[in-house]
Amino acid sequence: MRTKTIINERVYRFGEFELMKAFAILGLPIVHLLEEGIFNDYVSENVHKLEAFIVALCIVGPSIFMMCMGFGIGGTRNTPRGIMKQGFRFLALGAILNLIRWVLPGLLLFLVHGIPMSEDIFYFFASDIYYFVGIFYLFYALMLKLKLSTSEILVTTIVMLTINTLLTPIMSDVITNDYLIAITGNIVYIDGSSCFPLLSWAVFPTAGILLGDVLKKVTDEKRGVIMKRMLIFSPVIFISYLVSLSLYGHDVMKVMVSPLNDYITDLPNVILMISC
């Protein structure tokens, strides 16, 4: 009975984050199917009209998922060794997935039709969500090893985000080999194949870790107060920022939605995503 009470209390206390994560996970296959349908022109004209909205979901979903992942890590006892093991597991999972969906079909096409495997090898190494999660865990293990607080890690990720923004205009000129582009794109943005570079995406799970550190260490009453303040503060920041961008003539959708901005994630984009 005691265990059940604890479990129920946990679900009640953190149901908001579980619900957000559920929406992100359940929406993932639907959104990607629609995205592929638009890209390959398999869908109707009415679906094509929803392209901007669908692309928006492609960035909102992973951002929410990363913050919820960070929330799961935050406020718990983590050792650098344990976090590092998790990182290698996710990297292995990503490699196995890419082996199945890229390398093996590519090898079959090469053996049967003689089609080169260069593209399949490229996408085996290219930045993807599992690779990002694995690399982020390794990064977080290093931060724990250096005994940095969560606030210090968050500041570090903002600096990383700034560095990524500064490097973006020159990286495609510096790195021209396709395989180096695929591998390096896991760390810093180079081109459209750099979907989840560590430098630009680490801020999302770190923000989630900070929320976990705060909300898991307070009473239910205090947590309610914090959540109510966030419920007021976040929309105000979000709406104010949107109005400001519009008044200055910026395309709000391009600022907010990374894929419409060539997957470039910068500080304005992150502020909008976290505040919404």
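Here the structure is shown first, and the text comes after it.
Being a predicted model, the structure only gives us computed values, none of them experimental. (Residues numbered from 1 in each chain as written. Predicted model: local features only at pLDDT ≥ 70, side-chain atom pairs only at ≥ 80, totals over all residues. Heavy atoms only, no water.)

Visitor: So what's going on with the overall build of the chain? Residues and values would help.
Guide: Counting its regular elements, the chain contains 14 helices and 0 strands. Ordered by position from N to C terminus, the α and β elements of the chain give α-α-α-α-α-α-α-α-α-α-α-α-α-α. Against the 2.2 N^0.38 benchmark of 19 Å for 276 residues, the chain shows a C-alpha radius of gyration of 20 Å, consistent with a compact globule. With the principal axes as the frame, the chain shows a C-alpha extent of 65 × 50 × 40 Å. Here the chain, with 276 residues, has 38% of them falling under the buried criterion. A sequence separation of at least 24 residues applies to 72% of the contacts in the chain between residues at least 6 apart. Total accessible area on the chain is roughly 16100 Å²; 69% of this is exposed by carbon and sulfur atoms. (Helix = DSSP H or I, 4+ residues; strand = E, 2+ residues; numbered from the N terminus. Rg over C-alpha atoms; globule rule 2.2 N^0.38 Å. Buried < 20%, exposed > 50% of the residue type's maximum accessible area, 1.4 Å probe, protein only. Contact = heavy atoms within 4.5 Å. Areas by Shrake-Rupley, 256 points an atom, 1.4 Å probe, with all protein chains shown as cover.)

Visitor: Could you give an account of the packing of helix α12 (residues 220-247) against helix α14 (residues 267-275), with specific residues and numbers?
Guide: Axis separation between α12 and α14 bottoms out at 8 Å; the angle between their running directions is 140 degrees. As the angle between them shows, α12 and α14 are arranged oblique. Once α12 is placed against α14, the crossing between them reads as left-handed. Contact with α12, carried on its side by Ser234, Pro235, Ile237, Phe238, Tyr241, Leu242 and Leu245, involves Pro268, Ile271, Leu272 and Ser275 of α14 and no other residues of that element. For the contact of α12 with α14, a count of residues per class yields 9 nonpolar, 2 polar and no charged. (Axes fitted to C-alpha atoms, helices over the stretch in contact; angles between N-to-C directions. Parallel < 35°, antiparallel > 145°, perpendicular 65-115°, else oblique. Left-handed = near helix turned anticlockwise from the far one by under 90°. Nonpolar A, V, L, I, M, F, W, Y, C, P; charged D, E, K, R; others polar.)

Visitor: Describe the layout of surface pockets, with residues and values.
Guide: Roughly 930 Å³ of volume is contained in the second largest pocket. Forming the boundary of the second largest pocket are 29 residues, of which Met67, Leu211, Met230, Ser234 and Ile274 lie nearest the centre. Listing elements by their share of the lining of the second largest pocket, those giving two or more residues are α2 (15-39), α4 (51-73), α8 (150-174), α11 (203-215), α12 and α14. A total of 7 residues in the lining of the second largest pocket trace back to one element, the largest contributor, which is α12. Considering only residue class, the lining of the second largest pocket consists of 25 nonpolar, 3 polar and 1 charged. (1 Å grid on protein atoms, 1.4 Å probe; cavity = no way out; pocket = protein on both sides within 12 Å on 5 of 7 lines; lining within 4 Å. Points joined across faces, edges and corners; volume = space filled by probe spheres on them.)

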